[in-house]
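# Residue-level structure breakdown
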2 protein chains.
Amino acid sequence: MPIKTPSDTPGVTAGAATSLAGHPRYTSDADARAAAATDRSGYIPPTLPDGVIRARSVDDVVEALRLAHAHAIPVVPRGAGTGLAGGASAHAGEVVVDLSGMNRILAIDPVEMTAVVEPGVLNAEVNAAAAEYGLFYAPDPASTAICSIGGNIATNAGGMWCAKYGVTRESVLGLRVVLADGRILRTGRATIKGVTGYDLNALFIGSEGTLGVVVEATLRLRPRPVRTETVAAYFPDIETAGRAASAITAARIQPSILELMDGPTLEAVDEAEGTCHRELGGAFLLAQTDGYGAHLELDEIARAISPYATSTHRAASAEEAEALVKARRDAIPALERLGRVSIGDIAVPRNRLAEAFAGLEDISAQTGVRIFSVAHAADGNLHPMIVVEPHESITDRPAKAALGDMFHLAQRLGGTLTGEHGVGLLKREWVGEELGETSRAVQQAIKAALDPSGILNPAKAI
Amino acid sequence: MPIKTPSDTPGVTAGAATSLAGHPRYTSDADARAAAATDRSGYIPPTLPDGVIRARSVDDVVEALRLAHAHAIPVVPRGAGTGLAGGASAHAGEVVVDLSGMNRILAIDPVEMTAVVEPGVLNAEVNAAAAEYGLFYAPDPASTAICSIGGNIATNAGGMWCAKYGVTRESVLGLRVVLADGRILRTGRATIKGVTGYDLNALFIGSEGTLGVVVEATLRLRPRPVRTETVAAYFPDIETAGRAASAITAARIQPSILELMDGPTLEAVDEAEGTCHRELGGAFLLAQTDGYGAHLELDEIARAISPYATSTHRAASAEEAEALVKARRDAIPALERLGRVSIGDIAVPRNRLAEAFAGLEDISAQTGVRIFSVAHAADGNLHPMIVVEPHESITDRPAKAALGDMFHLAQRLGGTLTGEHGVGLLKREWVGEELGETSRAVQQAIKAALDPSGILNPAKAI
């Protein structure tokens with residue numbers, strides 16, 4: 001994927017370099033700094049971080065934070081750098097703690113169905129290891145092949161399967177976290193249930209590296225479903241498809257996957273893959289059910305959507321199912337051929353999906369920004385994608401204006417700024433508006449209690 | 001249920017009474033204070049609280065906390081008073097804020113499947129209201145008929161169904177909370193997913209009234225299963241039953257209910273109800289599956305337990321199923337006929353259930369305390385129950401020693417002090433041992449950030 005290297009800004013690196021250069025894993029190499037400056041949000045930082053600490057062990061992270069704490073140097077934790085909100089972007093005056101080298105699966109317990117992993121291990125690697133025991137790890141971001149568990153935890157990542165199995169928070173039993181001052185904290189426990197003390201586990205999950213650096217996670221694995229059934233359907237337009245998705249919710253079926261794609265996205269996929277989805281309709285819906293009654297549940301889904309669909313295709317084999325799922329997985333790579341992609345992430349109440357799609361069309365018409373939309377429909381989580389030129393930052397106008405309009409659309413429909421990607425740097429200006437004064441004050445009080453000198457990923461998230 | 005009224009302690013009420021007596025809902029009536037002093041933990045407080053504020057509205061709670069904050073008066077939030085860890089017990093120098101009068105269901109949205117409720121509404125009332133729309137609220141503590149949603153949230157309560165549907169945290173989308181200084185905080189959101197800011201929702205759930213007073217909750221409802229299947233089985237002893245439960249986990253079936261009862265508990269049920277469970281075996285297992293494939297899943301469960309069971313009874317009708325479930329629901333009322341019951345709440349990794357039961361038998365033998373055990377087996381959550389004389393407090397020896405031994409047993413097996421009842425007052429001395437120094441320091445820093453003068457439910461939980 002083409003991520004443009006931001007231009008270097010020499011001469012601003014002295015402070016951090018002097019204080020942290022003594023760390024055995026520190027480098028101020030320009031390429032390393034450039035590689036650690038950006039994520040996949042489409043945001044181009046104006047400067048580079050001062051240096052990078054390539055952690056290989058918990059001790060490396062402890063030592064990095066002790067030094068950073070002593071010298072009040074801002075630190076940006078970084079996993080695979082696939083974030084979509086600028087949460088891992090780093091600037092002059094900051095040092096990146098790169099955890100991608102801490103990438104071991106430490107243990108898998110097939111009886112308790114847990115895995116203990118380092119933060120740099122990739123999501124797909126956990127799933128591959130779990131599969132050997134007939135298990136899977138449920139959170140499956142579209143970036144599964146390239147995103148790290150640490151980043152998934154930082155953003156409380158979701159994915160397609162979380163319709164049924166919940167987001168990262170529901171699949172993390174415990175964490176080992178290095179705090180701002182270098183102390184090591186354990187959160188959670190090895191058991192499924194437990195209520196001793198506050199739920200620090202949930203507090204750290206989704207905190208975008210602003211409260212501590214996760215150095216180990218105990219993950220909950222689940223049995224691979226005995227049976228999976230897949231259906232795809234086409235609709236005249238995305239509003240109609242949104243109504244069909246709401247009809248599934250109203251019919252009270254719990255799909256394991258329920259995905260929507262709009263016409264422009266289908267066109268992009270067709271162009272990239274040589275398929276012909278767009279001929280079949282102006283919007284695409286993919287539904288999967290799993291478990292012992294999967295076939296019966298899929299019957300219900302087919303019944304619920306039939307009044308809306310122009311055609312319905314039930315997979316007769318695993319290969320056919322895989323081809324239908326592939327259409328959805330191809331969406332983002334297809335758009336990345338067109339330019340720099342910024343993936344929006346609003347969520348709305350599930351029965352307001354059609355209104356959300358209509359609103360996105362209005363925003364596109366008003367701002368002149370072309371918007372490609374996919375959605376995790378069972379959660380009401382939309383990913384409206386904006387494609388800008390490779391040299392543009394998503395924070396340039398008019399893309400920025402469209403982002404703001406999307407947030408206000410979500411807010412108007414009773415929804416939220418971000419369903420699963422996090423706030424990062426990109427959406428920070430709207431956080432106060434969503435949370436309100438008291439919530440933000442409480443969040444900042446917690447941040448101050450855990451990171452009094454404010455060195456952890458400053459100016460991100462809250 | 002016979003809860004002994006603690007003896008009054010006149011003469012210590014002046015401080016709080018003077019400061020909060022101006023609240024329009026304040027009473028210092030001795031009966032009201034006695035009724036608000038205890039919960040169902042078996043702990044008898046040595047003194048009574050100074051007064052009770054019977055809140056009827058959010059404004060009542062705001063005003064109570066503004067006054068308490070201004071005068072540094074400790075406040076004990078109270079719902080239905082059915083807690084099992086002393087979390088709602090109140091003492092001289094404290095004022096109880098009684099939320100049982102805030103008991104309205106404010107809204108049910110059958111399309112989004114949510115309910116907005118006040119904290120004093122009973123768990124069973126929410127379920128009755130949801131049932132009218134074909135929905136249910138998943139957390140179902142044994143006390144469902146008498147416990148309040150506010151208390152469920154304070155303890156992150158579980159129940160039988162949480163084997164499949166998760167605990168309270170997984171069923172609360174948002175909260176409205178009055179903070180220690182009277183400010184109103186909203187946590188969470190109306191959508192299924194959302195990651196704007198820290199997960200304050202999860203932080204407040206299970207915080208046992210030490211961070212704020214919940215005055216409204218948006219609950220997630222779920223569709224009632226289309227089909228439910230039930231099986232019960234008997235075993236020679238509880239260790240064998242524990243192994244059978246672990247075999248279900250190992251067979252990777254997800255029951256909606258998986259409950260164990262030991263021989264002494266079966267005897268107590270038989271005595272109270274005129275049934276004859278004990279003749280059929282020394283331990284009882286109840287399993288339910290639900291959903292479209294429930295019958296197929298129950299086949300697998302029956303197969304998994306058959307090597308261990310002496311007899312197996314599959315319910316042929318809803319009435320038969322209800323009779324089997326009733327045996328489990330009868331356990332606590334049956335023991336309450338024998339004396340003052342204190343319900344333990346340890347949790348262990350699921351494949352260590354049999355060891356946990358064996359350990360409890362050892363504790364009983366060593367301390368001379370008779371222990372009756374039931375368990376939510378799918379979560380590894382055991383409820384070893386101690387029965388003391390009606391005039392005894394559970395904090396008297398040797399019951400107290402047995403409680404400590406139970407915690408150390410759980411710890412030895414990789415488990416936790418409390419699965420779903422909370423720490424309250426009763427288990428506080430072991431919290432540090434379980435959490436460790438750093439975790440406790442972090443928890444106390446968060447408490448100090450949200451309640452700097454420490455007026456909210458002091459000396460509880462952490």
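Scoring rules and cut-offs
Residues numbered from 1 in each chain as written. Chains lettered and ligands numbered in written order. Predicted model: local features only at pLDDT ≥ 70, side-chain atom pairs only at ≥ 80, totals over all residues. Heavy atoms only, no water. Buried < 20%, exposed > 50% of the residue type's maximum accessible area, 1.4 Å probe, protein only. Helix = DSSP H or I, 4+ residues; strand = E, 2+ residues; numbered from the N terminus. Pairing = 2+ DSSP bridges. Contact = heavy atoms within 4.5 Å. Salt bridge = Lys/Arg side-chain N within 4 Å of Asp/Glu carboxyl O. Polar contact = N/O pair within 3.5 Å; in protein donor to acceptor, adjacent residues only side chain to side chain. Nonpolar A, V, L, I, M, F, W, Y, C, P; charged D, E, K, R; others polar. Domains from an automatic or database assignment. Buried area = accessible area lost by both parts, 1.4 Å probe. Axes fitted to C-alpha atoms, helices over the stretch in contact; angles between N-to-C directions.

Residues and elements named next belong to chain A. Of all seven residues in strand S8 (residues 172-178), seven are buried, a share of seventy percent or more. As paired strands, S8 and strand S10 (residues 213-220) are joined by six bridges and run antiparallel to one another. Considered in S10, the bridge of Gly-174 is made with Thr-218. Here five bridges tie S8 to strand S9 (residues 184-188), and the two strands are oriented antiparallel to one another. Paired with Arg-176 across the two strands is Arg-186, which belongs to S9. Hairpin remark: S8 followed by S9, antiparallel, with five residues in the connecting loop; positive phi at Gly-182, about 95 degrees.

With 79 residues of chain A in contact, the opposing surface of chain B contributes 78 residues. Put simply, chain A and chain B have eight salt bridges between them. Among the salt bridges present, the one from A:Arg350 reaches B:Glu112, with a minimum N-O distance of 3.8 Å. Seen at the junction of chain A and chain B, the total is 26 residue pairs in polar contact (both at pLDDT 80 or more). Sorting the residues of the side of chain A that touches chain B by element identifies S9, helix H7 (200-204), helix H11 (294-305) and helix H16 (428-450) of chain A as the ones contributing at least two each. Of the residues in the side of chain A that touches chain B, the class split is 36 nonpolar, 26 polar and 17 charged.

Turning to the domain arrangement of chain A, a few remarks are in order. All names here are of chain A. Examined at the domain level, chain A breaks down into domain 1 (6-100 + 445-450), domain 2 (105-223) and domain 3 (228-412). Taken over C-alpha atoms, the centre of domain 1 sits 36 Å from the centre of domain 3. With six residues of domain 1 at the interface, the matching set in domain 3 holds 10 residues. Among the residues domain 1 hides against domain 3, the three largest losses belong to Gly-42, Ile-44 and Leu-84. Together they make up 63% of the total. Counting the contacts that link domain 1 with domain 3 gives one salt bridge. We note a salt bridge from Glu-336 to Arg-40, for which the minimum N-O separation is 3.7 Å. Seen at the junction of domain 1 and domain 3, the total is one residue pair in polar contact (both at pLDDT 80 or more). Residue composition of the side of domain 1 that touches domain 3, by class: three nonpolar, two polar and one charged.

Here we take up the sheet that holds strand S13 (residues 257-262) of chain B. Residue and element names in this part refer to chain B. Strand order in the open sheet formed by seven strands is S15-S12-S14-S13-S17-S18-S16, with antiparallel pairing between adjacent strands. Bordering the open sheet on either side are strand S15 (311-314) and strand S16 (340-343), each of which pairs with just one other strand. Recorded for the sheet is a direction-independent mean angle of 15 degrees between the axes of neighbouring strands. Pairing of S13 with strand S17 (residues 371-376), which is carried by three bridges, proceeds in the antiparallel orientation. Counted as the bridge partner of Glu-259 is His-376 from S17. Against the sheet, helix H11 (residues 294-305) engages strand S12 (228-235), strand S14 (283-290) and S15, with an angle of about 155 degrees to S14. Its contacts with the sheet place helix H14 (residues 353-367) against S13, S17 and strand S18 (381-388), and it is angled at close to 165 degrees to S17.

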